[in-house]
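# Architecture at a glance
Below are the chains, spelled out letter by letter.
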Amino acid sequence: KAAIDHFKLGIEDTPIGQWIWYPYWKKGIARNVKMRTKPPVEKSFRRWRGGESLLFNEDALDEGHPELIITEGESDCIALWSRGIRNVIGVTVGARGIKPEWIDKLDKFPKLYFAYDTDSTGIAGANKFASRLGIERCMRINLPNGCKDVNEFFATGHSLDEWNKLISSAERLDVES
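These lines cover the structure that appears in this document, whether it is placed above or below.

### A closer look at the sheet that holds strand β5 (residues 67-71)
- Strand order in the open sheet formed by five strands is β6-β5-β7-β8-β9, with mixed pairing between adjacent strands. Edge strands, defined here as strands with exactly one partner in the open sheet, are β6 (88-90) and β9 (171-172).
- Direction of pairing for β5 relative to strand β7 (residues 111-115): parallel, over a ladder of five bridges. Note on β7: the bridge partner recorded for Leu68 is Leu112.
- Sheet strands touched by helix α2 (residues 74-81): β5 and β6. Its angle to β6, the strand with the most contacts, is close to 165 degrees.

### So, helix α4 (residues 120-133)
- Taking 1.5 Å per residue, 14 residues should reach 20 Å; α4 reaches 20 Å between its end C-alpha atoms and fits that length.
- Looking at α4, one finds that the buried residues are Gly122, Gly125, Ala126, Asn127, Phe129, Ala130 and Leu133.
- Count one or two residues on from α4 and you reach Gly134, which has phi positive near 110 degrees.

### Some points on the environment of Ile20
- Relative to the assigned elements, Ile20 resides in strand β2 (residues 17-26).
- A sequence separation of 10 residues divides Ile20 from Gly10, and the C-alpha atoms of the two residues are 5.8 Å apart.
- With near-sequence residues (within four places) excluded, Ile20 lies in contact with Gly10, Ile11, Lys34, Met35, Arg36 and Lys38.

### Here's the deal with the pairing of strand β1 (residues 10-14)
- Relative to β2, β1 is paired through five bridges, and the arrangement is antiparallel. Across the sheet, residue Glu12 finds its bridge partner in β2, namely Trp19.
- Between β1 and β2, which pair antiparallel one after the other, the connecting turn spans two residues.

What counts and what doesn't
Residues numbered from 1 in each chain as written. Predicted model: local features only at pLDDT ≥ 70, side-chain atom pairs only at ≥ 80, totals over all residues. Heavy atoms only, no water. Pairing = 2+ DSSP bridges. Helix = DSSP H or I, 4+ residues; strand = E, 2+ residues; numbered from the N terminus. Contact = heavy atoms within 4.5 Å. Axes fitted to C-alpha atoms, helices over the stretch in contact; angles between N-to-C directions. Expected span 1.5 Å × (residues − 1). Buried < 20%, exposed > 50% of the residue type's maximum accessible area, 1.4 Å probe, protein only.

These figures come from the coordinates and say nothing about function on their own.
Here it is, written out as structure tokens:
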């Protein structure tokens, strides 16, 4: 409930099923909304036309955290935030998407942890983003075998203590060239 209230998440009923609303807030103003179909409806996305492509939970960038966790999407960001981890943001344009303005916004963080999905798209996306940010300060959080993403990690019974162990054992990303 706290995450629903904090992020002002919503549900829209439509003739084809329900859509989850993920608003993108910047200094208290909704700058965009990403909508995703709710299972069992086939996965589909849509966004506000002309809205900004912010980082999800972008206001966390101004909270004075020395380190930052970057997730592949909104729901993984929410999963961490719901467990008391506030230094977390989510990318909003897909695993391989990077907006140039994000690079400057993340410049002030000496250490960045990537918690992207464990599939080939997530690995490639994290590597691409890290190479733009400077790989010397980027670490990969290695989820245990069988966990596709942060949500699945917690949904399969893993604890916050186990998450913290993953953070402490994070490894540098292996980026080509």
